[in-house]
Amino acid sequence: MQKVLVTGADGFIGSHLTEMLLEEGYNVTALSCYNSFNYWGWLEGIQHPNLTVISGDIRDPHFCKHITKDIDVVYHLAALIAIPYSYVAPDSYVDTNVKGTLNICQAAKENNVKRILVTSTSEVYGTAQYVPIDEKHPKQPQSPYSATKIGADAMAMSFYNAFELPVVIVRPFNTYGPRQSARAIIPTIIAQIANGLKEIKLGDLSPTRDFNFVRDTCRGFIELSKCDKAIGQEVNIASNYEISMRDTLELIAKIMKSDVKFVEDEQRLRPQKSEVFRLWGDNTKIMALTGFSPKYDIEAGLKETIEWFTKPENLKRYKANIYNV
Ligand SMILES: NC(=O)c1ccc[n+]([C@@H]2O[C@H](COP(=O)([O-])OP(=O)(O)OC[C@H]3O[C@@H](n4cnc5c(N)ncnc54)[C@H](O)[C@@H]3O)[C@@H](O)[C@H]2O)c1
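Computed from a predicted structure; not experimentally measured.

**Structural notes on helix 5 (residues 144-163)**
With 20 residues, helix 5 should reach 28 Å at 1.5 Å per residue; the first-to-last C-alpha distance of 28 Å fits that figure. Packed against the buried residues of helix 5 are helix 3 (83-88), helix 4 (90-110), strand 5 (115-119), strand 6 (167-172) and strand 11 (234-237). Just beyond helix 5, the residue with positive phi is glutamate 164, at close to 55°.

The following block contains the structure:
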């Protein structure tokens, strides 16, 4: 049985990936970010004989060395991810995203890990210079978050080049689904409508995104972990389409049978040069490498997401009436 480590397993994508890996028979060590409450985030409630939860912090190199012992595959997802928070706390993004990735790579190297998947993001591309965006598209650091992910990718790639560490840079485009934070557009729309608000507050609705349902993203990760040809490569996980935030809002309102009105909330607008206006990902490379193609279209994915968010026990975890940074 392969032993895998998932960092960021307490978060949105990491918790779904942990569940999928357990379903597929892996022995999973899941890292939850250390806190004094021993709170395991979205890992709370997930129990399985092949699951071990460890609390800790990737900013500590000693700890990283400790958790990568006897591990075959590392899925490195732990990161600070909110763009607005990166405007006011960029140092912590450097520490977690760049230094944390360095610590995980160094530990993986010292412990002879067989494969390490480092999670990038479509935000590294910035506003599309051409579409669909393939892996050769230039990187544009339009936010401190994006800058630290570009740095983290480069650090990981340097370990492949300098030390032959078997790194794969996995680059998901916007991912959505149950458990996502209300910082993201889809959960914030659903949570506001589900709470009965008649006017919902959002930022600029003109940008487009390539949305991916979380189970598709996780499948992409697992497929790439099995693909030798992906080593030393940067690989998009994308659906190869784009939809504007406005059309996404209208689709959600239609599925939820709501006639909600939208109001622009100034605090949610990004500085002009920092806003990523267009993201549409090319998924030719992952398809050629692994045969991956997304199983969920936007409507099917939104329906599952809405079903989860509208359950009272889930909805009550979200603060729909405030701007979640
Ligand atoms: N959600 C998306 O649309 C999306 C798109 C592309 C890439 N990504 C990437 O996917 C990964 C997971 O994102 P997510 O959406 O699940 O976010 P998330 O915030 O839900 O998960 C990230 C997790 O990392 C953990 N973490 C943060 N700092 C840590 C530290 N110092 N030590 C240990 N753990 C720490 C947090 O506890 C959190 O649960 C990130 O690397 C993100 O950049 C996300």
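**Considerations on helix 1 (residues 12-23)**
Here helix 1 is 12 residues long and its end C-alpha atoms lie 17 Å apart, about the 16 Å a rise of 1.5 Å per residue gives. The buried fraction of helix 1 is high, at 10 of 12 residues. In the core, the buried residues of helix 1 are packed alongside strand 1 (3-7), strand 2 (27-33), strand 3 (51-56), strand 4 (73-76), strand 7 (175-176) and helix 7 (214-225). Trailing helix 1 by a residue or two, glycine 25 shows a phi angle of about 90°, which is positive.

**A look at the site of the ligand**
Close to the ligand lie 26 residues; Asp10, Ile13, Asp57, Tyr145 and Thr175 are nearest. Taking phenylalanine 12, its main chain carries an N or O atom lying 2.9 Å from an oxygen atom of the ligand. Measuring from an oxygen atom of the ligand, one finds a backbone N or O atom of isoleucine 13 at 2.8 Å. Contact with the protein chains removes 89% of the 820 Å² of surface that the ligand exposes when unbound. Of all elements in the fold, only helix 1 and helix 5 reach the threshold of two or more residues within the shell around the ligand. Taken together, the residues that form the shell around the ligand break down as 11 nonpolar, 10 polar and five charged.

**Focus: the environment of lysine 201**
Mapping lysine 201 onto the fold places it in strand 8 (residues 199-202). For lysine 201, a relative accessible area of 42% translates into the label partly exposed. Once you skip the residues sitting within four places of it in the chain, lysine 201 turns out to touch Gln192, Val263, Asp265 and Arg268.

**Comments concerning the pattern of salt bridges**
According to the stated counting rule, one finds 15 salt bridges in the structure shown. For lysine 139, the salt bridge identified is with glutamate 234, shortest N-O distance 3.2 Å. Taken together, the residues lysine 139 in the loop between strand 5 and helix 5 and glutamate 234 in strand 11 connect sequence positions 95 residues apart. Where arginine 219 meets aspartate 216, a salt bridge forms, and the shortest distance between an N and an O atom there is 3.0 Å. Placement of both arginine 219 and aspartate 216 in helix 7 is noted, with a separation of three residues, approximately one turn of the helix. For arginine 219, a relative accessible area of 16% gives the class buried. On the basis of relative accessibility, which here comes to 2%, the residue aspartate 216 falls in the buried class.

**Comments concerning empty space enclosed by the protein**
In the structure shown here, the tally under the stated rule is one cavity of 30 Å³ or more. Roughly 40 Å³ of internal volume is contained in the largest cavity. Surrounding the largest cavity, His76, Ala78, Ala79, Asn97, Thr101, Val118, Thr119, Lys149 and Ala152 form its lining. Counting only elements with at least two residues in the lining of the largest cavity, the list comes to helix 4, strand 5 and helix 5. Residue composition of the lining of the largest cavity, grouped by class: four nonpolar, four polar and one charged.

**A look at the side chain of asparagine 103**
Along the chain, asparagine 103 falls in helix 4. Not counting residues up to four positions away in its chain, the partners in contact with asparagine 103 are Ile58, Arg59, Asp60, Pro61 and Cys64.

How each quantity is defined
Residues numbered from 1 in each chain as written. Predicted model: local features only at pLDDT ≥ 70, side-chain atom pairs only at ≥ 80, totals over all residues. Heavy atoms only, no water. Helix = DSSP H or I, 4+ residues; strand = E, 2+ residues; numbered from the N terminus. Expected span 1.5 Å × (residues − 1). Contact = heavy atoms within 4.5 Å. Buried < 20%, exposed > 50% of the residue type's maximum accessible area, 1.4 Å probe, protein only. Near = heavy atom within 4 Å. Polar contact = N/O pair within 3.5 Å; in protein donor to acceptor, adjacent residues only side chain to side chain. Areas by Shrake-Rupley, 256 points an atom, 1.4 Å probe, with all protein chains shown as cover. Nonpolar A, V, L, I, M, F, W, Y, C, P; charged D, E, K, R; others polar. Salt bridge = Lys/Arg side-chain N within 4 Å of Asp/Glu carboxyl O. 1 Å grid on protein atoms, 1.4 Å probe; cavity = no way out; pocket = protein on both sides within 12 Å on 5 of 7 lines; lining within 4 Å. Points joined across faces, edges and corners; volume = space filled by probe spheres on them.

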